[in-house]
Amino acid sequence: MSKLNLFDMVTARYEKAAKVMNLDVEIQKILGRPMNEIIVNFPVVMDDGKIQIFTGYRVQHNNVLGPFKGGLRYHPQVNIDEVRALAAWMTWKCAIVDLPYGGAKGGIQIDPKQYSLKELEHITRRFTYALGDSIGPDYDIPAPDVNTNPQIMAWILDTYLSTVPPQERLRSIHVVTGKPVEAGGSLGRNKATGQGIVFTIERWAQKKNFDLKKATFFVQGFGNVGSWAARILCQHGSKLLAAQDHTGSIYNKDGIDPEDLQKYVEANGGVKGYKKATEVSHEQFLGTEADIFIPAALESQITKKTAPLIKAKLVAEGANGPTDIEGDEVLFSKGIEIIPDVLCNAGGVCVSYFEWLQNKRSEFWDLDDVDHKLKRRMVDAYDRVDEIAKKFNTDSRTASYIVALQKLEFVYKKRGIFP
Ligand code: GLU
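The rules we used
Residues numbered from 1 in each chain as written. Predicted model: local features only at pLDDT ≥ 70, side-chain atom pairs only at ≥ 80, totals over all residues. Heavy atoms only, no water. Helix = DSSP H or I, 4+ residues; strand = E, 2+ residues; numbered from the N terminus. Rg over C-alpha atoms; globule rule 2.2 N^0.38 Å. Buried < 20%, exposed > 50% of the residue type's maximum accessible area, 1.4 Å probe, protein only. Areas by Shrake-Rupley, 256 points an atom, 1.4 Å probe, with all protein chains shown as cover. Lys, Arg positive; Asp, Glu negative; His and termini not counted. Charge placed at Lys NZ, Arg CZ, Asp CG, Glu CD. Near = heavy atom within 4 Å. Polar contact = N/O pair within 3.5 Å; in protein donor to acceptor, adjacent residues only side chain to side chain. Nonpolar A, V, L, I, M, F, W, Y, C, P; charged D, E, K, R; others polar. Patch = residues over 30% accessible without salt bridge, like charges linked within 9 Å, V, L, I, M, F, W, Y side chains within 5 Å. Salt bridge = Lys/Arg side-chain N within 4 Å of Asp/Glu carboxyl O.

Asker: Help me out: how do you make sense of the overall build of the chain in this one?
Answerer: A count of helical and extended segments in the chain gives 15 helices and 12 strands. A compact globule built from 419 residues would reach a C-alpha radius of gyration of about 22 Å, and the chain, at 21 Å, matches this within 12%. Overall, the chain is about 55 × 55 × 45 Å in size when its C-alpha atoms are taken along their principal axes. For the chain, the residues scored as buried account for 59% of the 419 residues in total. Summed over all atoms, the accessible surface of the chain reaches about 17900 Å², with 51% contributed by carbon and sulfur. The positive charge centre, built from 53 side chains, and the negative charge centre, built from 52, are 2 Å apart in the chain.

Asker: Sorry, what's going on with the site of the ligand here?
Answerer: What surrounds the ligand is a group of 14 residues, the closest being Lys 69, Lys 93, Pro 144, Asp 145 and Ser 352. Contact between the ligand and Lys 93: an oxygen atom at 2.7 Å from a side-chain N or O atom of the residue. Here Asn 320 contributes a side-chain N or O atom positioned 3.2 Å from an oxygen atom of the ligand. Protein burial of the ligand: of its 290 Å² of free accessible surface, 95% is covered by the chains. Of all elements in the fold, only β3 (68-74), α3 (80-96), β5 (140-144) and α13 (347-361) reach the threshold of two or more residues within the shell around the ligand. When grouped by side-chain class, the residues that make up the shell around the ligand number four nonpolar, five polar and five charged.

Asker: Quick question: what am I supposed to make of a nonpolar patch on the surface here?
Answerer: Together, Val 45, Ile 51 and Ile 53 make up a nonpolar patch on the protein surface, roughly 310 Å² of accessible area in all. Residue position: Ile 51 is located in strand β2 (residues 51-62).

Asker: Whenever I open this one, the pattern of salt bridges confuses me. Can you help?
Answerer: For side chains of opposite charge, pairing can occur when their charged atoms come near one another. Throughout the structure, instances matching the rule amount to 36 salt bridges. Arg 58 is paired through a salt bridge with Asp 140; the nearest N and O atoms lie 2.6 Å apart. Highlighted residues: Arg 58 in strand β2 and Asp 140 in strand β5, separated in sequence by 82 residues. By the burial criterion, Arg 58 is buried, and Asp 140 matches it. What emerges from the salt-bridge pattern is a single network uniting Arg 13, Glu 317, Asp 328, Asp 341 and Arg 397.

Below, the structure written as structure tokens:
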């Protein structure tokens, strides 16, 4: 099982949900595969004057509910199977939070730390140019993901707009979301995924009568998602006991101040060496005695091998695909609850949608408005998943897929298949 690639894992879960809900077998054939897969090889002149060829991906899984939507990641692990899996997850995610979007994902297999800022700009611009009309403001809308940020979105915007006639430029700025606020971005987008995670945790706590003021938690990944989730959860009075990133794991039984840690990470590139906590091993980190675990790094971290170490009551999946199929089984058998990724981390794409709407309508919403709208969507989605889990007597992950699949099935049945 652990030999499954990421797309096989998505497929296995999809097939499980399809069986539980009795999804129409014909529609199951359609949703089991991505609609389009774009692979581009493009040259970029490096700082030393030499040319390097890069490979970029964009997988468009489905657009029956609306334009393709999803992030772009820059990471050495990026490959076609990973991008396929992430694209399918975007389809389910957008359907669960009721956005008029389909799912897509893309990326380049690079370690951005190996390149200068100028090189990253050129790589991004050539990638955007190579994608050409495969992206578009009402067709396929990229956004940030692992190792991409508002600056990279601004380069994509600028490059894309340079390829359209001048009259169309100002009505095309919604070609990408997660832009800097000054360049057409939305307030609240930067913290959106972390904020959304906390809204789902709050809902979970409310339903379980669990006092978040007394809660302890630990977080894997201290990038945008993990650090925002930690900062916001601490504002509720919860205590951060441990944090981990690619540089190491740290622990303090009296709590870690996430604001302070965030500043340290920004200055030092990682949590390692943070003086107000002790360094611990990976195993000790996973075994932290705390109520909530927020994995907010990469895929397949919670496996047959690591899941037995986890003692938390709740795993709130900030990352996409942090738990593999065997990991799920271990968590379920231990009675550990899961807020599944496609629900838990949907806050990012929700606020991307708000940004897209603001751009289309030439509006600018204040932060309270964004947060309020985000909370409503996350809570409604949480309740929908909960309801389906009870109705089908199934786990939260399968239930979240069912919420998405019911909607997609309905639309396919109404529209029919051309010709
Ligand atoms: N990359 C984020 C995700 O995995 C956000 C996607 C978006 O905003 O389109 O959900």
